[in-house]
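What follows is each chain in one-letter form.
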Protein chains: 2
Amino acid sequence: MRYKVTVAYDGRAYVGFQSQINGLAIQDVIEKGLRKIFNQDDLRIVMASRTDKGVHARDQVFHFDHEKVIEPARLKMAINTFMPNDIHILKVEHVDSSFHARYLVKNKTYEYLVNLGEYDVFLNGYAYQCYYKLDIEKMIEASKLFLGTHDFTSFNTSPKDLYPNQVRTIYEFEIRKDGDRLTFHIKGDGFLRHMVRIIVGTLIELGRGKKNISDVKEMFDHPTKSKRRYNIDGAGLYLMKIEY
Amino acid sequence: MRYKVTVAYDGRAYVGFQSQINGLAIQDVIEKGLRKIFNQDDLRIVMASRTDKGVHARDQVFHFDHEKVIEPARLKMAINTFMPNDIHILKVEHVDSSFHARYLVKNKTYEYLVNLGEYDVFLNGYAYQCYYKLDIEKMIEASKLFLGTHDFTSFNTSPKDLYPNQVRTIYEFEIRKDGDRLTFHIKGDGFLRHMVRIIVGTLIELGRGKKNISDVKEMFDHPTKSKRRYNIDGAGLYLMKIEY
């Protein structure tokens, strides 16, 4: 049986979703729980999206296989019994063996949260604290440059030799202001390493006057990894939705 | 010089605001910072409100005295330099020596947050997770019984011998539903120990059908400490405002 699982997590305590040698990953915690439930020490999951250290998810997806058939609602409850308070299984589904959590992704939606007001203790680890005055109109104007299909070489840290194709399509990109909170909402067919953070970081630099629109255009027109990029903190980043 | 200070904190890591022998209190952290700034080892603060273990504040107030005069904005910045990420000084004011953070309080506003939906990792430590179906109309109806001046003996855990007068006045009590989140907003001239938590707990019991309106009336009509009271978790409680 192939199981598709949807999970939410607060990323503050983890080195990221994917297992690493340097600390506890969300994958480690989930696999430990599943290994107990299925009594299989080498059970592995396949995740839709690696999220980095401190990055959160409202809707991450993974799959795994096991011959034992457990009813979805019961398995959801069983896994949650083994989860700490910062990881929560939202949904378990039985899926066809042709389903693949990573290869079949149609699009992913991320949000990035910025606090423009006084430092807020309740956003500690949950938002980027911005002390600069931002020209939000200009940022919204520049955000339109990212829509559609482009070479995003200048806007990520995935090495070209390993990821030669850095063309991606952005379907939605909205910047919403609600009081002192600024939310960047971005939906695309795929995202390279640190891509959302570098796009948001670039727009923050533009908003505070360190870059102008022609600089951003230049990053598209002459794709390069050699220039300094502003890789904003992962704390404000949320994986919101994965669609198949 | 008497200083009035307004502070916000995430209470998750602390035993409460007031110093205790059994763990780190918010008062300890603040006094440690002030003692360094003013170079006085026995500097003490006077708080407006003791908040319990795990309880949060968006607007707590304290005062302290020191002969040295530091300009408010500079002192605010200096204290925040010594604060961890979960405590933040919002405001420092020079006040007259007749000001007293506790004795001169006119009213206090608290909010209590309940999550009625699926468990949310981002509300871990920030809300009460309610798995019961609640009759919210009935709760709103009962909430009106608390408005005005009453003997709140049945609704707190302050001992009668130490606090003989348990009459308090509630000016505002609103229950707001926003999607799956239920917020109890309550403003009064003063609150006894666990009073907000017991009032909210009583209304939750009513909403899930374990109590009815006549039971709540009975608690007012025959004030007693001898009956079991539902003292709901402090994690959902926020001190929102103190007015003088």
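Whatever comes next refers back to the structure up there.
Residues numbered from 1 in each chain as written. Chains lettered and ligands numbered in written order. Predicted model: local features only at pLDDT ≥ 70, side-chain atom pairs only at ≥ 80, totals over all residues. Heavy atoms only, no water.

What follows concerns the overall build of chain A. When helices and strands are counted, chain A shows 5 helices and 10 strands. The C-alpha atoms of chain A give a radius of gyration of 19 Å, which matches the 18 Å a tight globule of 244 residues would have. Scored against the burial criterion, the 244 residues of chain A give a buried share of 55%. Here the contacts in chain A between residues at least 6 apart in sequence split such that 71% fall between residues at least 24 apart. Accessible surface, chain A: about 11,500 Å² in total, of which carbon and sulfur atoms supply 49%. The average position of the 37 basic charges and that of the 32 acidic charges among the side chains of chain A differ by 2 Å. (Helix = DSSP H or I, 4+ residues; strand = E, 2+ residues; numbered from the N terminus. Rg over C-alpha atoms; globule rule 2.2 N^0.38 Å. Buried < 20%, exposed > 50% of the residue type's maximum accessible area, 1.4 Å probe, protein only. Contact = heavy atoms within 4.5 Å. Areas by Shrake-Rupley, 256 points an atom, 1.4 Å probe, with all protein chains shown as cover. Lys, Arg positive; Asp, Glu negative; His and termini not counted. Charge placed at Lys NZ, Arg CZ, Asp CG, Glu CD.)

As a further point, take the packing of helix α3 (residues 136–143) of chain B against helix α4 (residues 195–207) of chain B. All names here are of chain B. Running from N to C, α3 and α4 point in directions that differ by 140°, and their axes come no closer than 8 Å. Comparing their axes, α4 and α3 come out oblique. Of the two elements, α3 crosses α4, and the hand of that crossing is right-handed. For the pair α3 and α4, the contacting residues are K138, M139, A142 and S143 in the first and L203, I204, L206 and G207 in the second. (Axes fitted to C-alpha atoms, helices over the stretch in contact; angles between N-to-C directions. Parallel < 35°, antiparallel > 145°, perpendicular 65-115°, else oblique. Left-handed = near helix turned anticlockwise from the far one by under 90°.)

Here we take up the packing of aromatic side chains. A full pass over the atoms with the stated rule returns 30 aromatic pairs over all chains. Judged by centre distance (5.9 Å) and plane angle (80°), the ring pair of A:F146 and A:F173 falls under edge-to-face. Of this pair, A:F146 sits in the loop between α3 (136–143) and β7 (148–151) while A:F173 sits in strand β8 (residues 167–178); the two residues are 27 residues apart in sequence, bridging distant segments of the chain. Overall, the relative accessible area of 0% leaves A:F146 in the buried class. On the basis of an interplanar angle of 15° and a centroid distance of 5.0 Å, the ring pair of B:Y3 and B:F64 is categorised as stacked. One end of the pair, B:Y3, is in strand β1 (residues 2–9); the other, B:F64, is in strand β3 (residues 56–65), with 61 residues separating them in the sequence. Each residue in the set A:F146, A:F152, A:F155, A:F173 and A:F220 is aromatic and connected to the rest through ring pairs, giving one cluster. Over the ring of A:Y132 we find A:R208, and its NZ or CZ is 3.4 Å from the ring centre. (Phe/Tyr/Trp six-rings, centres within 6.5 Å; stacked < 30°, edge-to-face > 60°. Lys NZ or Arg CZ within 6 Å of the ring centre and 35° of its normal.)

On the side of chain A, 22 residues touch chain B, which itself brings 22 residues to the contact. Both faces combined, the contact of chain B with chain A buries some 1,700 Å², and carbon together with sulfur accounts for 54% of it. Our count for the chain B to chain A interface comes out at 4 salt bridges. Counting across the interface, chain B meets chain A through 6 residue pairs in polar contact (both at pLDDT 80 or more). At the level of elements, β1, β3 and β4 (87–95) of chain B are the ones that each hand at least two residues to the side of chain B that touches chain A. Ranked by the residues each element gives to the side of chain B that touches chain A, the list is headed by β4(B), at 4 residues. Considering only residue class, the side of chain B that touches chain A consists of 11 nonpolar, 4 polar and 7 charged. (Buried area = accessible area lost by both parts, 1.4 Å probe. Salt bridge = Lys/Arg side-chain N within 4 Å of Asp/Glu carboxyl O. Polar contact = N/O pair within 3.5 Å; in protein donor to acceptor, adjacent residues only side chain to side chain. Nonpolar A, V, L, I, M, F, W, Y, C, P; charged D, E, K, R; others polar.)

On to the packing of helix α1 (residues 26–38) of chain B against helix α2 (residues 72–82) of chain B, then. Residue and element names in this part refer to chain B. The N-to-C vectors of α1 and α2 enclose an angle of 125°; their axes lie 9 Å apart at closest approach. Accordingly, the angle class assigned to the pair α1 and α2 is oblique. When the axes of α1 and α2 are compared, the crossing they make is right-handed. Of the residues in α2, those touching α1 at G33, L34, K36, I37 and F38 are L75, A78, I79 and F82. Classifying every residue of the contact of α1 with α2 by side-chain character gives 7 nonpolar, 1 polar and 1 charged.

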